[in-house]
Amino acid sequence: MKQPIIQFENVTFKYRSQQEPTLKNIDLTIHQGEKILIAGPSGSGKSTLAHCLNGLVPFSYKGEMTGSLKIQGQETKELDIFSLSKMVGTVLQDSDGQFIGLSVGEDIAFSLENNVTPHDTMMKRVADVSRLVDMDEYLDASIHALSGGQKQRVSLAGVMVDDVDILLFDEPLANLDPATGRHAIDLIDQIQKETNTTVVIIEHRLEDVLYRNVDRIIVVNDGEIVNDSSPNVLLTSDVLQRNNIREPLYIKALKYAGCLLTPQHGLAHLNTLQTEAFKDKLLHWFEQSPPAKKRTLTHPVLQLEDVSFTYSGKENNIKKVSFSIDKGEMVSIVGKNGAGKSTLSKLICGFEKNNQGKIIYHEKDITGDTIYQRAERIGMVMQNPNQMISKHMIYDEVALGLVMKGTYSEEEIRERVENTLKICGLYPFRNWPISALSFGQKKRVTIASILVLKPEIIILDEPTAGQDFYHYTEMMEFLADLNAQGITIMMITHDMHLMLEYTQRAIVIADGKVTADDSPINILTNEAIVAEANLKETSLFDLAVLTGIEEPVEFVSKFIAFDREVRKAWP
Amino acid sequence: MAVEMLSYIEKESPVHRLSGGTKLIIFIMWSSAAMLTYDTRILLFLFIISMTIFIVSKVHIRDIAFVLIFILIFLLLNNIAIYLFSPQEGVRIYGTNHVLFEIAGRYNMTLEQIFYQFNITLKYFVVIPAALLFIVTTHPSEFAASLHRIGINYKIAYSVSLALRYIPDIQRDFRTIAQAQQARGIDLSKNEKLAKRIKNAGAIILPLILSSLDRIEVISNAMELRGFGKNKKRTWYSIKPFKRADYITIAVGAVILTVSLIITFHDGSRFYNPFL
């Protein structure tokens, strides 16, 4: 029998600022060397659970904690955040914000510095740990110059330098492009095997984590543990669906096809899946599902012709980009972190001025227009709503753009704002302060504040980042509705399924150039493009191939159409 | 991209090779010497050495042009203010009165006043290169370590260096927010009247504060989780150990400081008087 290393006994925690406890009667035991995934929708309490482990709760975020939480046999309430950080190493979600040192070596050494480690011991330890994560050749490199995957390695090394027994990953996949996310999961797996640490991963992107083996999945909702079982057992049940966590797509497809799933079918990974057992049912489902609809194109609303741009004046960050967007399209822009997707959207909105090339809107050259002139045609919604909100009340925030124009009467403004609020589902909250809203609702406010100016095109940067499956669906259905009303939508995203599910077309940007412009499914089945742009193929396609379906692309399309219909019935 | 002022300038020079601690100590001694003395001979001597060190550091004037112009404008204002408030200061100090021409009332131009203000200006020119060199030749990672070395609490030292380090990030945030607000008609460019521009800047402050608070929460959690603030002391990864050059530099600095103070005070007056 393995040693228990983390023991929650009837733990209840209430933040000082809240009425209701965030965690209720948690009982959970994690053993030495286990790899645990904790999943749950937004606001379920999974982050609070993680904070209990590293000591941020109750030492930084104050509140009342009852029950007993022992880590390595010691009651955490009697320790402090520093002794806990010797046992539990935390890799935070924000891959940029958590760096303290400027160079790789300095950041890895941070914890050693705080422990008054002598300089020569410190240098040696940093060299050893950096070798473990394969970053020993980059010790003097500036962190800002690293790729997303390398940054992940550095932040991991920064906590491993303490020789911790437990590694805690707080949403390690957020903000990473799909391929980098996959490398991160690989890295965690490899480190765990080499060092035999206990690993706890908090993440709602289940399928991506299951890319490598996980011993148990804990599902948290409403502050309680609703599931504690091996992946194979969990995937046979409807726990994930009931708790608004996206099931792995191949599992969902099997369920739609009416297959009876048992833990013996090797459900946790596609390569262990006993596909033979499901072949007939899946084929039958495929044949009887109606074909997915195709959309017809209209006329171009936005055209880029040979657009180039440079920040530094030396190398071009955007290199001769040309494409044309039709009115009423919904288009994804995908590619690696740092490939130039955000820069491109800034050029389209006039935030930056392209050095070469033309931007054409409805056959009119708008290259020379100011930000403000363009804003009436093209609206931009940034990833972080906090960067856009400048008023305290929702109504004022949405009205701001119209008020600033100065040409509308108060009556006209009221009418337009109220209409927009209704479209965005915010009308009931119109007199609320913005600070009372959730992250997703704030994002809606920023979309409303752009929509009210009636642009024909909206560009959204990561519209669903940081949102759980329920809010993802809600947001995307809302955008799909807007699109159906004739607004052209462009989205920058790392979410492959979003791209497949909601857009008819994807533009792939790699190294400042357009490397592909095709339907999402064609892009995801082109191995060269997937590899070059750090994308990730979909498990649906692989499932179709494995079960011998002859038109795997059509299978994916049918699944997506079917799945969206099912989810439209959600409350 | 935003102008990055006062950031580290990577060069290979003897000044860059010195430990940050040495540079800070020299800077403090240098400024004390320049502040205490009004002896023109010493100031000229310090000025020549300052200039020599500046040339040795290989930092180009254009790298620091922005800050330099800013300081020079300030210096000009300072000189004007001195003249406006005490036009007879030179006469009072040097005890003679060589009038060049009269302006009005007590405002006239004397050789003594010109000489006095020349000394003040010279003081600036002695300190400016030392201050700028300390900032632009000390790697930001070493900055906090050098402050800590001369006895400043490491928490304060680290806060200062973190604040400096985040200036470019905040500038970037500011730019993004300003662009997004401009899209909604909140104009900060020259097309708008100044009063309106100031009012519009308010629309950028709130989002800037909110996003900076997010940033602070993340970084302070990250620091705490890695043991920052646990002990009274801490060690530094990127500290440069004191080498021979450092000891020699400090010794030479100390000698210059002592000698200049002796010369300044030996006759009981901080001023060198050419009018006697």
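Everything numeric here is computed off the predicted structure, so don't read it as measured data.

Attention now moves to the domain arrangement of chain A. Residue and element names in this part refer to chain A. Each assigned domain of chain A is listed with its residue range as follows: domain 1 (4-238), domain 2 (246-288 + 538-571) and domain 3 (300-537). Averaged C-alpha coordinates put domain 2 and domain 3 at centres separated by 32 Å. Each side of the interface is counted separately: domain 2 has 17 residues, and domain 3 has 15 residues. At the boundary of domain 2 with domain 3, total buried surface from both sides reaches about 1,500 Å², with 64% on carbon and sulfur atoms. Of all residues in domain 2, Arg246, Thr538 and Arg564 bury the most surface against domain 3, accounting for 39% of the area lost on that side. Glu477 is paired through a salt bridge with Arg564; the nearest N and O atoms lie 3.3 Å apart. Counting the contacts that link domain 2 with domain 3 gives 5 residue pairs in polar contact (both at pLDDT 80 or more). For the side of domain 2 that touches domain 3, the element with the highest residue contribution is helix H23 (residues 552-568), accounting for 8 residues. Partitioned by chemical class, the residues of the side of domain 2 that touches domain 3 number 9 nonpolar, 2 polar and 6 charged.

Another point: the sheet that holds strand S12 (residues 318-326) of chain A. All names here are of chain A. Pairing within the open sheet is antiparallel, and its 4 strands lie in the order S12-S11-S14-S15. Two strands lie at the open edges of the sheet, namely S12 and strand S15 (364-365), each paired on one side alone. Of the strand pairs in this sheet, strand S14 (residues 356-361) and S15 are connected by 2 bridges, and their pairing is antiparallel. In the sheet register, Tyr361 faces S15, and the bridge partner there is Lys364.

Counted under the stated rule, the structure contains 43 salt bridges over all chains. As a salt-bridge pair, Arg234 of chain B and Glu113 of chain A come within 2.8 Å of each other at their nearest N and O atoms. Taken together, the residues Arg234 of chain B in the loop between helix H9 (194-225) and helix H10 (244-265) and Glu113 of chain A in helix H4 (residues 104-114) connect one chain to another. Since its relative accessible area comes to 4%, Arg234 of chain B is described here as buried. You can call Glu113 of chain A buried: its relative accessible area is 1%. Across the pair Lys124 of chain A and Asp128 of chain A runs a salt bridge, and its minimum N-O distance is 3.4 Å. With Lys124 of chain A and Asp128 of chain A both in helix H5 (residues 119-132) and 4 residues apart, this pair spans about one turn of that helix.

To continue, consider a negative patch on the surface. On the surface, Glu410, Glu411, Glu412 and Glu415 of chain A cluster together into a negatively charged patch. Topologically, Glu412 of chain A is positioned in helix H16 (residues 410-423).

Think of an α-helix as turning once every 3.6 residues; residues three or four places apart then point the same way. Residue and element names in this part refer to chain A. Between its terminal C-alpha atoms H5 stretches 20 Å, which fits the 20 Å expected from 14 residues at 1.5 Å a residue. For H5, every residue scored as buried is listed here: Met122, Val126, Val129 and Ser130. Across the axial projection of H5, the buried residues extend over an arc of 100 degrees, all falling on one side. In this structure, H5 carries Asp120 and Lys124 as exposed residues pointing more than 90 degrees from its buried face. Turning to H5, the residues buried within the fold contact H4 and helix H6 (148-160). Where H5 ends, the next residue or the one after it, Asp134, has phi of about 70 degrees, a positive value.

Now for the interface of chain B and chain A. Residue-level contacts link 47 residues of chain B with 58 residues of chain A. With both sides pooled, the region where chain B packs onto chain A buries about 4,800 Å², and carbon together with sulfur makes up 57% of that total. Summed over the three residues of chain B that lose the most area to chain A, namely Arg184, Arg226 and Tyr237 of chain B, the buried surface amounts to 23% of that side. At the junction of chain B with chain A, the criterion picks out 4 salt bridges. If you look at where chain B meets chain A, you find 22 residue pairs in polar contact (both at pLDDT 80 or more). Mapped by element, the contributors of at least two residues to the side of chain B that touches chain A are helix H7 (140-149), helix H8 (154-183) and H9 of chain B. Ranked by the residues each element gives to the side of chain B that touches chain A, the list is headed by H9 of chain B, at 15 residues. In terms of residue class, the side of chain B that touches chain A is built from 21 nonpolar, 15 polar and 11 charged.

Next up on the list: the UniProt feature "transmembrane region" (unreviewed entry) in chain B. Residues and elements named next belong to chain B. Summarizing the sequence annotation, UniProt attributes the feature "transmembrane region" (unreviewed entry) to residues 24-57, 64-85, 114-136 and 247-266 in the numbering used throughout. The span residues 24-57 carries 88% helix and 0% strand; its end-to-end C-alpha distance comes to 15 Å. For residues 247-266, the helix share is 95%, the strand share is 0%, and the end-to-end C-alpha distance is 28 Å.

All names here are of chain A. In terms of burial, strand S7 (residues 166-170) is a largely internal element, 5 of the 5 residues being buried. Neither face of S7 is left uncovered, since the one carrying Ile166, Leu168 and Asp170 and the one carrying Leu167 and Phe169 both have all their residues buried. As judged from the 4 bridges shared by strand S6 (residues 88-91) and S7, these two strands associate in the parallel manner. Bridging across to S7, Gly89 finds its partner in Leu167. At this point the chain moves from S7, through helix H7 (residues 178-195), to the parallel strand S8 (residues 198-202), and the crossover so formed is right-handed.

The next subject is the UniProt feature "domain: ABC transporter" (unreviewed entry) in chain A. When the UniProt feature table is mapped to this numbering, "domain: ABC transporter" (unreviewed entry) covers residues 6-247 and 302-536 of chain A. Taken as a whole, residues 302-536 of chain A contains 37% helix and 24% strand, while its terminal C-alpha atoms sit 28 Å from one another.

Below, the discussion takes up the packing of H7 of chain B against H8 of chain B. Residues and elements named next belong to chain B. With their axes 8 Å apart at the nearest point, H7 and H8 run at an angle of 155 degrees to one another. With respect to H8, the element H7 is oriented roughly antiparallel. For the element pair H7 and H8, the recorded crossing hand is right-handed. Contact residues: Pro140, Ser141, Phe143, Ala144, Leu147 and His148 in H7; Tyr154, Ala157, Tyr158, Val160, Ser161, Leu164 and Arg165 in H8.

With that out of the way, let us pick up the side chain of Ser211 of chain B. Following the sequence through the fold, Ser211 of chain B ends up in helix H9. With a relative accessible area of 5%, Ser211 of chain B lands in the buried category. Setting aside residues up to four positions removed in sequence, Ser211 of chain B forms contacts with Asn384 and Gln387 of chain A together with Asp173 and Ile177 of chain B.

What follows concerns the nonpolar core. Residues and elements named next belong to chain A. Grouped together as the largest cluster of nonpolar side chains are 83 residues, with contacts concentrated most on Leu156, Leu167, Leu535, Leu543 and Phe555. For this core, the leading source of residues is helix H11 (residues 249-256), giving 6 residues. Counting residues in hydrophobic clusters, the runner-up holds 72 residues, among them Leu451, Leu479, Ala480 and Leu482.

Residue and element names in this part refer to chain A. Pairing in this open sheet of 6 strands is mixed, and the strands run S16-S17-S18-S13-S19-S20 from one edge to the other. Unpaired on one side and paired on the other, strand S16 (378-381) and strand S20 (513-518) mark the two borders of the sheet. Strand after strand, the sheet turns through a mean of 20 degrees between neighbouring axes, direction not considered. Summarising the sheet, strand S13 (residues 330-334) and strand S19 (residues 505-510) pair through 4 bridges and their orientation is parallel. Of the residues in S19, the one forming a bridge with Val334 is Val508. Taken strand by strand, helix H18 (residues 469-484) contacts S13, strand S17 (457-461) and strand S18 (488-492), and its axis lies near 145 degrees from that of S18.

About the criteria used
Residues numbered from 1 in each chain as written. Chains lettered and ligands numbered in written order. Predicted model: local features only at pLDDT ≥ 70, side-chain atom pairs only at ≥ 80, totals over all residues. Heavy atoms only, no water. Domains from an automatic or database assignment. Contact = heavy atoms within 4.5 Å. Buried area = accessible area lost by both parts, 1.4 Å probe. Salt bridge = Lys/Arg side-chain N within 4 Å of Asp/Glu carboxyl O. Polar contact = N/O pair within 3.5 Å; in protein donor to acceptor, adjacent residues only side chain to side chain. Helix = DSSP H or I, 4+ residues; strand = E, 2+ residues; numbered from the N terminus. Nonpolar A, V, L, I, M, F, W, Y, C, P; charged D, E, K, R; others polar. Pairing = 2+ DSSP bridges. Buried < 20%, exposed > 50% of the residue type's maximum accessible area, 1.4 Å probe, protein only. Patch = residues over 30% accessible without salt bridge, like charges linked within 9 Å, V, L, I, M, F, W, Y side chains within 5 Å. Areas by Shrake-Rupley, 256 points an atom, 1.4 Å probe, with all protein chains shown as cover. Lys, Arg positive; Asp, Glu negative; His and termini not counted. Charge placed at Lys NZ, Arg CZ, Asp CG, Glu CD. Expected span 1.5 Å × (residues − 1). Arc of directions from axis to C-beta. UniProt positions renumbered as here; feature names shortened; annotations may be inferred. Right-handed = clockwise from strand over helix to strand, strands pointing away. Axes fitted to C-alpha atoms, helices over the stretch in contact; angles between N-to-C directions. Parallel < 35°, antiparallel > 145°, perpendicular 65-115°, else oblique. Left-handed = near helix turned anticlockwise from the far one by under 90°. Core = buried A, V, L, I, M, F, W, Y, C linked by side-chain atoms within 4.5 Å.

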